[in-house]
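The primary structure of each chain is shown beneath.
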Amino acid sequence: APALTADIALSGLPKLSTGDIKAKAKNGAGALAAALRSSQSGRIAVPTISYAGAGFDLRGAGAFNPATQSGEIDLTYQGDEKATPWPGLTIAGAFNAKGNFAREGQRTDLTVSYEALRLNNTAVNGLALRAVGPPNAIDVTASVQRLLLGAENEIEDLSVNASVDA
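Source: prediction; values computed, not measured.

Enquirer: So what exactly am I meant to see when it comes to the packing of aromatic side chains here?
Expert: Two aromatic rings are characterised by how far apart their centres lie and by the angle between their planes. Across all of its chains, the model carries five aromatic pairs by this definition. Where Tyr77 meets Phe95, the ring centres are 5.6 Å apart and the plane angle is 20 degrees; that geometry is what we call stacked. Taken as a pair, Tyr77 in strand 6 (residues 70-79) and Phe95 in strand 7 (residues 91-102) lie far apart in primary sequence, 18 residues in all. According to the relative accessible area criterion, Tyr77 is buried, its value standing at 4%.

Enquirer: Please explain a nonpolar patch on the surface as it appears in this structure.
Expert: There is a patch of nonpolar side chains on the surface, built from Leu149, Ile155, Leu158 and Val160 and spanning about 280 Å² of accessible area. Take the nonpolar patch: its biggest share by element is three residues, from strand 11 (residues 153-164). With respect to the secondary-structure elements, Leu158 resides in strand 11.

Enquirer: Honestly, the pattern of salt bridges in this entry has me stumped. Any pointers?
Expert: With the rule as written, the count across this model stands at seven salt bridges. We note a salt bridge from Glu72 to Arg43, for which the minimum N-O separation is 2.6 Å. Placement of Glu72 in strand 6 and of Arg43 in the loop between strand 3 (30-38) and strand 4 (44-53) is noted, with a sequence separation of 29 residues between them. Given a relative accessible area of 32%, Glu72 falls into the partly exposed group. The residue Lys98 makes a salt bridge to Asp74 at a minimum N-O spacing of 3.7 Å. With Lys98 in strand 7 and Asp74 in strand 6, the pair connects residues that are 24 residues apart, well separated along the chain. Assessed through its relative accessible area of 53%, Lys98 is described here as exposed. Under the relative-accessibility criterion, Asp74 is labelled partly exposed at 34%.

Criteria and thresholds
Residues numbered from 1 in each chain as written. Predicted model: local features only at pLDDT ≥ 70, side-chain atom pairs only at ≥ 80, totals over all residues. Heavy atoms only, no water. Phe/Tyr/Trp six-rings, centres within 6.5 Å; stacked < 30°, edge-to-face > 60°. Helix = DSSP H or I, 4+ residues; strand = E, 2+ residues; numbered from the N terminus. Buried < 20%, exposed > 50% of the residue type's maximum accessible area, 1.4 Å probe, protein only. Patch = residues over 30% accessible without salt bridge, like charges linked within 9 Å, V, L, I, M, F, W, Y side chains within 5 Å. Areas by Shrake-Rupley, 256 points an atom, 1.4 Å probe, with all protein chains shown as cover. Salt bridge = Lys/Arg side-chain N within 4 Å of Asp/Glu carboxyl O.

Here it is, written out as structure tokens:
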């Protein structure tokens, strides 16, 4: 990993952490910027995150409330064939994850999708995942057109329907 310069400006530690985090590779190969916001209710939010480098771009937002065990996510990733967002981890392709999740009270409504994504030696084409429902009965549907595990293990047209008690 290249050396980086970080600027972390946080206040309210540890319970009401609020501030901004910025990091930039000294060689100019990438940058991270994230805002962190906490509230009296215990909710921890990252209203903006941007992580980009040579051949990849991750953007979005998220939040989690430990008291209610619920959160939201809205992430988009795009990476070319040589994208290495972390040393030793190549992620090529694009994905989207959006929705909310909860273990108590609120309904879960989460969608994850990607046309083609490769993570080191694993490749997935045409994934569509949806999780919807109350915590004690989350209906999960998922389909994958092609799943490649290593060089020789391939699965085509996989679908899953399940009910999960979170």
